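As a plain string of letters, each chain reads:
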Amino acid sequence: MAMNSNTPKQTSHLKREILVRVIKAYLSDNFEENTRLIPYAMRPKNSDVPNYRCCIFKERAILRDRTIAGLGFSIEETDDSVLLSDLAVKAENRETPQDHPLTVLTTACKGCVPSRIYVTDLCQGCVARPCVNTCKFGAISIQNGKSVIDPEKCKNCGMCIQVCPYQAIQKIIVPCENACPVGAIAKDENGHAKIDFDKCISCGKCASACPFGAVHEKSQIIDVLKQIKHKRKNQKRVIAMVAPAMFGQLPCTPGQLKEAILKLGFDDVYEVAQGADITTKTEAHEFVERLENGEEFMTTSCCAGYNELVDKHIPEMQHFRSDTKTPMYYTAEIAKCENPGAITVFFSPCVAKKREALNNSNVDYVLNYEEIGAWMIALGIQVAECEESNFKTEASAEGRNYCITGGVAKAVQTLLPEEIPAHPVIIDGLTKQTVRDLKKYAKNGMCELGNLIEVMACTGGCLGGNSTVNAIKPAVKQVTNYVNESHSIKEQFEEQKN
Amino acid sequence: MEKQISVKVCLGTTCFVMGSSNLQELIETVPKKYGNKVDVAGVPCLGLCSIDWEFSKAPYVKVDDEIIKEATVEKVLKAIDEKLK
Ligand code: FES
């Protein structure tokens, strides 16, 4: 189930290396030139070419494209003739990040064949020929004693796969298409994966699934580095807002993490768990109100991927989704209020938050954990050697636990009155199947399994996000330790009541 | 008693981000597989990542005196097996 354990490791290594090099280039005395050199520095003359590429030139072309994403631009929309050095200048001068955060590197994408059904060598050319008989579209014929599928006629229904007594027929899958819960990515006529941004819910599952690392996030790292570099001149403080999942990402204590972030140049660090506490209180209140009004169920609303799913694909669900805002929303509101004029940067485990931030003027930028990690590498920060630094506002145990699947429902439950108990249903990751389930609940106006549905787009919750650094098991352990040393939200709640 | 093989998995920040996060499982699985023939531990920065541009070869694992670059679970297990031969 752990998303991270099946993240293709080699590709995340490459993506992170590019980020480190982009950051080092920015911090050097010649950003443009050093950016231009990235593909050459990574594959110098006479270096070995990985055996999955034809030649060093193609390999460098691909690294160039990856660098484009690192600079925050769309790979599809960038012309081949544009120099990386020019793009570096453009990145530095840009006022706002580009809108959709995902981009596909088509040159790396050629590697896999379009999804189709295929008769393998195991075909015995049997007399019964159940495949031929069962195909409603007449797509299968026998040639040279073996079954052959006519791709023109085949509708990918898969009936032949089920009836073959030798299990000789297989479906070749395209990992990104297979992982996308809403059918928003598919290969086009040229065999290149293409994202349909009208359908895309920004969950990032394609990015995790692609073994060629062809789906990239457009990074906002240059934008943030620029804010930090000019903060004195601009007289703008730069504030980090760290989502709960971050506390499971690096080998250090929460206090050391804060200190390490200050070393990057941020002026202050807020725990987004602080905003999660407001989400919990508001959502518990809302749940009670809804049930008293006779509603059958309510879903949570903190996951950005899920929110985009509802808005784009299950509008009937909007009514059942809680109106409570996300932890990022509340935290950003507090941070902007306490630091007028400051720049806020959200530290996110996933790409979906980049989309959410586009619609929230209190969140200026979003960086993911790979980008933060790369930044620490570029500056040579060893987190475990940092001093301890305390957070001004302590968040609750429940808020800090939001990033583990089930954590949100559990937090809301803590604050419910005894007369109105919740029966939580946990959707641990969006898949084609769970999307169908959610559609059913919305259509029927009820869910037979319970009344409080927590939806997490990623398996494992935020700790399974597409741009996390740590493997999920140790991340859960680390976050749980932090949760166990924190106070329950119940105590805060009782205090406020008195 | 035979000399133990020492396996040091670098859990410094550079190695961790570049992939030793995925090597933490070795700390549990290696003792199960090899018993006390192998001594495995996560260690702070081995100092290899800060030399020039060597961050790109992280994560590092040391098996006795041998340094494994761009370490993976498979590479480390293979190195242990070699030593035990
Ligand atoms: S972090 Fe592993 S050698 Fe420095």
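Per chain, the residues get numbers from 1 upward, laid out in the order the sequence is written. Naming scheme: in the order in which they are written, chains are lettered from A and ligands are numbered from 1. Local features in a predicted model are, by the rule used here, given only for residues with pLDDT of at least 70; side-chain atom pairs are given and counted only at 80 or more, and totals for whole chains, interfaces and linings are based on all residues. In computing side-chain values, all of the structure's heavy atoms are included and hydrogens and water are not.

## A short note on the side chain of S147 of chain A
Starting at the N terminus, helices and strands are each numbered in turn, a helix being any DSSP run of H or I of at least four residues and a strand any DSSP run of E of at least two. Checked against the element boundaries, S147 of chain A lands in strand 4 (residues 146-149). The classification of residues rests on relative accessible area computed with a 1.4 Å probe and restricted to protein chains. Under 20% of the type maximum is buried, over 50% is exposed, and intermediate values are partly exposed. You can call S147 of chain A buried: its relative accessible area is 9%.

## Description of the domain arrangement of chain A
How big an interface is tends to be reported as the loss of accessible area on association of its parts. Just so you know, the domain bounds were taken from an automatic or database domain assignment. Along its sequence, chain A is carved into domain 1 (9-110 + 182-219), domain 2 (116-172) and domain 3 (226-497). Each of domain 1 of chain A and domain 2 of chain A has a C-alpha centre, and the two are 39 Å apart.

## Section: the pairing of strand 15 (residues 452-456) of chain A
Residues and elements named next belong to chain A. Most of strand 15 is tucked away, with 5 of its 5 residues classed as buried. Side-chain alternation along strand 15 places L452, E454 and M456 on one buried face and I453 and V455 on a second face that is also buried. Strand pairing requires that DSSP identify at least two bridges connecting the strands. Judged from the 2 bridges that link them, strand 11 (residues 298-299) and strand 15 form a sheet pairing that is parallel. By the bridge assignment for strand 15, M298 is matched with L452.

## Considerations on the nonpolar core
Ranked by size, the top nonpolar core spans 131 residues in total, and within it F266, M317, F347, W375 and L438 of chain A carry the most contacts. Top element by residues in this core is helix 1 (residues 9-27) of chain A. It accounts for 8 residues. Per-domain counts for this core show at least three residues from each of domain 1 (9-110 + 182-219) and domain 3 (226-497) of chain A. Any two residues having at least one pair of non-hydrogen atoms within 4.5 Å are treated as being in contact. Ignoring sequence-local partners within four residues, the contact set of W375 of chain A consists of I23, I221, V224, L225, I228, L264, F266 and L367 of chain A. Here, nonpolar core refers to any group of buried Ala, Val, Leu, Ile, Met, Phe, Trp, Tyr and Cys residues whose side-chain atoms link them within 4.5 Å. Core analysis: the next-biggest nonpolar cluster, separate from the first, contains 17 residues, V9, V40, V61 and A71 of chain B among them.

## With respect to the packing of helix 14 (residues 273-292) of chain A against helix 16 (residues 327-338) of chain A
Residue and element names in this part refer to chain A. Helix axes are fitted only over the stretch in contact, all axes being lines through C-alpha atoms; the angle between N-to-C directions runs from 0 to 180 degrees. Here helix 14 crosses helix 16 at 120°, and the two axes come no closer than 7 Å. Classified by the angle between their axes, helix 14 and helix 16 sit oblique to one another. As for the relative orientation of helix 14 and helix 16, their crossing is right-handed in sense. Contacts between helix 14 and helix 16 involve Q274, G275, A276, I278, T279 and T282 from the first element and P327, Y330, T331 and I334 from the second. Angular relationships are summarised with four words: roughly parallel below 35 degrees, roughly antiparallel beyond 145, roughly perpendicular across 65 to 115, and oblique for the angles in between. Crossings are classed by handedness, with left-handed meaning an anticlockwise turn of the near helix from the far one by less than a right angle and right-handed meaning a clockwise turn.

## Things to note about the pattern of salt bridges
Side chains that carry opposite charge are capable of pairing whenever their charged atoms lie near each other. Residue and element names in this part refer to chain A. We define a salt bridge as a contact between a side-chain nitrogen of Lys or Arg and a carboxyl oxygen of Asp or Glu at a distance within 4 Å. In total, this model carries 24 salt bridges over all chains according to the counting rule given. Between D311 and R321 there is a salt bridge whose closest N-O contact spans 3.0 Å. With D311 in helix 15 (residues 304-313) and R321 in the loop between helix 15 and helix 16, this pair connects stretches of sequence that are 10 residues apart. Owing to a relative accessible area of 41%, D311 belongs among the partly exposed residues under this scheme. Taking the relative accessible area as the measure of exposure, R321 reaches 13% and is therefore buried. Where E356 meets K353, a salt bridge forms, and the shortest distance between an N and an O atom there is 2.7 Å. Of the two residues, E356 and K353 are both situated in helix 17 (residues 352-358); the distance of 3 residues between them amounts to about one turn of the helix. One salt-bridge network, held together by shared partners, links E286, R290, E295 and D323.

## Looking at the confidence of the model for chain B
Residues and elements named next belong to chain B. In predicted models, pLDDT denotes the confidence assigned by the predictor to each residue on a 0 to 100 scale. Per-residue confidence for chain B gives a mean pLDDT of 91, with 95% of residues at or over 70. Summarising per-element confidence for chain B, the mean pLDDT is lowest in helix 2 (residues 25-34) (91) and highest in helix 1 (residues 13-18) (96). Across the interfaces of the predicted complex, the ipTM metric reaches 0.93, alongside a pTM of 0.91.

## Quick word on the side chain of E356 of chain A
The exposure class assigned to E356 of chain A is buried, which follows from its relative accessible area of 16%. Among residues more than four places away in sequence, those in contact with E356 of chain A are A304, T326 and M328 of chain A.

## Brief notes about the interface of chain A and chain B
With 23 residues of chain A in contact, the opposing surface of chain B contributes 19 residues. Both faces combined, the contact of chain A with chain B buries some 1900 Å², and carbon together with sulfur accounts for 61% of it. Ranking the residues of chain A by area buried against chain B places H13, I377 and Q382 of chain A at the top, with a combined share of 30%. Taken together, the links from chain A to chain B amount to 0 salt bridges. Identification of polar contacts relies on pairs of N or O atoms within 3.5 Å, with a donor-acceptor requirement for protein atoms, meaning one able to donate a hydrogen and the other able to accept it, and with residues adjacent in sequence counted only if both atoms are side-chain atoms. The tally of links between chain A and chain B comes to 7 residue pairs in polar contact (both at pLDDT 80 or more). Looking at the side of chain A that touches chain B, the elements with two or more residues in it are helix 1, helix 18 (369-379) and helix 22 (472-484) of chain A. Buried surface area refers to the total accessible area, computed with a probe of radius 1.4 Å, that the two partners give up upon joining, counted for both partners together.

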